[in-house]
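# Residue-level structure breakdown
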Amino acid sequence: TTNCLSSRGGARTPTLHPAMETAADPPSQFQKHTRACFRCKLIKTFEQFFETGCDNCAFFQMAEDRDRVAECTTPSYSGICSVIDPKASWAAKWLRLAKLVPGCYALELNDDVPDGLAEEIESSMERGR
């Protein structure tokens, strides 16, 4: 977890940045085991997606469904942007991440979104999720 230091009465005490209260858990390792969500590009390990799903795309219903995690995420992405406070970050706004939870995001996906999944994403957008 990322901490910010605050100074009170001369002593430096680690405190959690308020935006981190809703943050997605960061990947436990940035190696071949990480994946990015096809819709929002959030990066987590396969196991993190399996345990909690995507923090931005609940409609994918990935939690506890290994096939769904494999279908809705890709291990093939380029670049990473870590966002702590999306609403205050110019980079998050520029990358269109400002309305998403704090976390680590892929800059680019190297795989095409599968046709069926693209239709599912479009349908969820029409419903306003």
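For the structure, check the block above.
Residues numbered from 1 in each chain as written. Predicted model: local features only at pLDDT ≥ 70, side-chain atom pairs only at ≥ 80, totals over all residues. Heavy atoms only, no water.

## Some thoughts on the pattern of salt bridges
What counts is decided by this rule: The term salt bridge refers to a pairing of a side-chain nitrogen on Lys or Arg with a carboxyl oxygen on Asp or Glu at a separation within 4 Å. Only DSSP runs of H or I with at least four residues qualify as helices, and only runs of E with at least two residues qualify as strands; both kinds are numbered from the N terminus onward. Throughout this description, buried means an accessible area under 20% of the type-specific maximum (1.4 Å probe, protein chains only), exposed means over 50%, and partly exposed covers the range between.
Per the stated rule, a full pass over the model turns up 4 salt bridges. The salt bridge involving Glu47 is made with Arg66; its shortest N-O contact spans 2.8 Å. Placement of the pair is Glu47 in helix H1 (residues 46-52) and Arg66 in helix H2 (residues 66-72), with a sequence separation of 19 residues. Judged by relative accessible area, which is 35%, Glu47 ranks as partly exposed. With a relative accessible area of 41%, Arg66 lands in the partly exposed category. Its salt-bridge partner being Arg68, residue Glu71 comes within 3.1 Å of it at the nearest N-O pair. With Glu71 and Arg68 both in helix H2 and 3 residues apart, this pair spans about one turn of that helix. The class for Glu71 is partly exposed, based on a relative accessible area of 38%.

## Comments concerning the environment of Gly79
What counts here: Throughout, a residue-residue contact means that at least one pair of heavy atoms, one from each residue, lies within 4.5 Å.
Relative to the assigned elements, Gly79 resides in strand S6 (residues 77-83). What makes Gly79 partly exposed here is its relative accessible area of 36%. Sequence separation of Gly79 and Tyr105 is 26 residues, and the distance between their C-alpha atoms is 8.2 Å. Other than its neighbours up to four places away in sequence, Gly79 contacts Ile43, Tyr105, Ala106 and Leu107.

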